[in-house]
Amino acid sequence: MRTMDGMEQRRLGTHNGLTTSAIGLGCMGLSQGYGPTDDETSTRTIHAALDAGITLFDTAMSYGQGRNEALLGHALHGFPQAQIATKFGIARRESGVVLDAHPDRVRGYCEASLRRLGREIIDLYYLHRVDPDVPLADTIGAMSTLVDAGLVRHLGVSEVTAQQLEEAHRVHPIAAVQFEWSLMWREPEHNLIPEARRLGIGLVPYSPLGRGLLTAALERHEIPQSTFRAMDPRFTGEALEGNLRQIRVLQQLARGLGVSAGQLALAWLLAQGDDVVPIPGTRSPQRVMDNAAAARILLDDGALNDLKAAVPDSGWLGDRRSFAVPVTKRPKSGPVKS
């Protein structure tokens, strides 16, 4: 199935799942994490995504402390084809980051997101991170009441283990699981992805372009400007040098195919299965058009084998699991304002 401009459509979740564009737009960088932003350029980027056939827009209550949702809601006003995925469970404060997925506060967080988005219903509502102080089943149970109330269409979870994914799915059908996955980070292929496919849950990779490294356009001086790159072991020292060697090979392969390195990386992900919907982020209207064009690149077995041989999984250096955002323990009582 394709949209009017040729963007392939995919379904997230086999249980009455969400049908959306094969590539979405990750919106976090429009408000935080990757340097200065401005709302005018961000709005043009969002509209360029719509023009390219992208319908899935991914945000969270924590992105810009709610400003990202408000920006997205304003930019998408009057575009009924747009589908919004947002997340709760992480709140960013001047004092740090807190986790809160207490079932008593789930509906309040959802309603606050709806107000910022200017919408009556959220297409895909994720638990952003599991709250270690709350049984996961209790949180998912509270989320399921949002579906019953008509506030949410589909449920998702983010950054969970295979065991947690199965536990969540037992409480209520999970349409999608979000996690980092790209040519340069393959760890989810060992456990999480097989479990998601066993359960019929769609795969939504974030950072599918390796936090920009897989575009082959990232300059060294840009790394310190982003906290997400500066604290990531894959962007420092010998690991960075080794990864840049891989990038040069990737770029050569892409040139041979007449595409960009980033497009080749996205096409590789899309070729992993029709249950995969990557959400690359960008602050550039032109880059979002280039990313969307990757949905039209079909890699045959020969190209995939060449890529596997030339840019092997073992060639990437640095373990992203050793990078974690410091979390401040949430209050024992009272809501955490989103």
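Predicted, not measured: the structure shown is a model, and the values here were computed from it.

Caption draft 1: Local environment of helix H3 (residues 103-117). Between its first and last C-alpha, H3 extends 22 Å over 15 residues, near the 21 Å set by a 1.5 Å rise per residue. Those residues of H3 not exposed but buried are Arg-105, Val-106, Tyr-109, Cys-110, Ala-112, Ser-113, Leu-114 and Leu-117. Considering only its buried residues, H3 is in contact with helix H2 (67-75), strand S5 (83-88), strand S8 (122-127), helix H4 (136-148) and strand S9 (152-158). Among the residues trailing H3, Gly-118 stands out with phi positive, at a value near 65°.

Caption draft 2: Structural view of the nonpolar core. Core analysis: the largest hydrophobic core is formed by 89 residues, its most contacted members being Phe-57, Leu-165 and Val-177. Sort the elements by how many residues they give to this core and helix H9 (residues 261-270) lands first, with eight residues. When residues no more than four places from it in sequence are discounted, the contact partners of Phe-57 are Leu-25, Cys-27, Ile-46, Ala-49, Leu-50, Leu-72, Leu-76, Ala-82, Gln-83, Ile-84 and Ala-85.

Caption draft 3: Structural view of the environment of Ala-82. Along the chain, the position of Ala-82 falls in the loop between H2 and S5. When the C-alpha atoms of Ala-82 and Val-106 are compared, they prove to be 24 Å apart, with 24 residues separating the residues in sequence.

Caption draft 4: Region of interest: the packing of aromatic side chains. This model, assessed by the stated rule, comprises four aromatic pairs. Ring plane angle 20° and centroid distance 5.1 Å describe the contact between Phe-88 and Tyr-125, whose orientation is recorded as stacked. Linking Phe-88 in strand S5 with Tyr-125 in strand S8, this pair joins segments that are 37 residues apart in sequence. The exposure classification of Phe-88 matches that of Tyr-125, with both residues buried.

Caption draft 5: Seen up close, the pattern of salt bridges. For the coordinates displayed, the defined rule picks out 15 salt bridges. Here Arg-170 ties to Glu-166 by a salt bridge, and the two come within 3.2 Å at their closest N and O atoms. Separated by four residues within a single helix, Arg-170 and Glu-166 lie in helix H5 (residues 162-171), roughly one turn from each other. Relative accessible area serves as the criterion here: at 59%, Arg-170 is assigned to the exposed category. Where Asp-232 meets Arg-234, a salt bridge forms, and the shortest distance between an N and an O atom there is 2.6 Å. Both residues of the pair, Asp-232 and Arg-234, count as buried. In the salt-bridge network here, residues are joined through shared partners; they are Glu-180, Arg-211, Asp-232 and Arg-234.

Definitions and cut-offs
- Residues numbered from 1 in each chain as written.
- Predicted model: local features only at pLDDT ≥ 70, side-chain atom pairs only at ≥ 80, totals over all residues.
- Heavy atoms only, no water.
- Helix = DSSP H or I, 4+ residues; strand = E, 2+ residues; numbered from the N terminus.
- Expected span 1.5 Å × (residues − 1).
- Buried < 20%, exposed > 50% of the residue type's maximum accessible area, 1.4 Å probe, protein only.
- Contact = heavy atoms within 4.5 Å.
- Core = buried A, V, L, I, M, F, W, Y, C linked by side-chain atoms within 4.5 Å.
- Phe/Tyr/Trp six-rings, centres within 6.5 Å; stacked < 30°, edge-to-face > 60°.
- Salt bridge = Lys/Arg side-chain N within 4 Å of Asp/Glu carboxyl O.

This is a description of form; function is not addressed.
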